[in-house]
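Single-letter residue listing:
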Amino acid sequence: MFMPIRTAAARWQGNLTEGSGTIRTGKGGYEGNYSFKSRFEEGEGTNPEELIGAAHAGCFSMAFSKGLADAGHTPTSVETTAKVHFDKTEAGMTVTRIDLETVGDVPGIDESEFTKLAEAAKANCPISRLLSPGAEITLSARLS
């Protein structure tokens, strides 16, 4: 199956602390300003970490919705927030953790199955797999 290559671009002008830039997606769905203050302080604009959070929340919500529907519980809605922790470590500034928080409106499901399917979506959405350091996926398959 052919899958398109997704693109995004950024332009930065000036030095790190006084410069500024723009980030945009390839299809024009998003364009935003970013700066030192929007990344390391609380300034106006976006930053790479917010965009990673948006990508993760979007990917997870889609994967979770699919998992719910596949299990016979088509959701009315799934809303997810990703809280991206960007911390100084010995290696330098690092995304150290992403907290996904999701709320689903899913008729006819119990909490146990909802939680189980949410955990499966967290483990299997492509952005989770990308961001999970050292993730190993194994499979053992056999016919009876």
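Rules and cut-offs
- Residues numbered from 1 in each chain as written.
- Predicted model: local features only at pLDDT ≥ 70, side-chain atom pairs only at ≥ 80, totals over all residues.
- Heavy atoms only, no water.
- Salt bridge = Lys/Arg side-chain N within 4 Å of Asp/Glu carboxyl O.
- Helix = DSSP H or I, 4+ residues; strand = E, 2+ residues; numbered from the N terminus.
- Buried < 20%, exposed > 50% of the residue type's maximum accessible area, 1.4 Å probe, protein only.
- Polar contact = N/O pair within 3.5 Å; in protein donor to acceptor, adjacent residues only side chain to side chain.
- Contact = heavy atoms within 4.5 Å.

(A) Representation of the pattern of salt bridges in the model. Applying the stated criterion across every chain yields a total of five salt bridges. Salt-bridge contacts for R39 lead to E49; the nearest nitrogen and oxygen are separated by 2.6 Å. Placement of R39 in helix α1 (residues 36-40) and of E49 in helix α2 (residues 48-70) is noted, with a sequence separation of 10 residues between them. Residue class for R39 comes out partly exposed when judged on its relative accessible area of 30%. For E49, a relative accessible area of 7% gives the class buried. Put simply, K66 and D70 hold a salt bridge, and the shortest N to O gap is 2.5 Å.

(B) Fine view of the side chain of S35. Along the polypeptide, S35 turns up in strand β3 (residues 31-35). A polar side-chain atom of S35 sits 3.3 Å from the main-chain amide nitrogen of K37. If sequence neighbours within four positions are ignored, S35 has contacts with W12, G19, E44 and T46.

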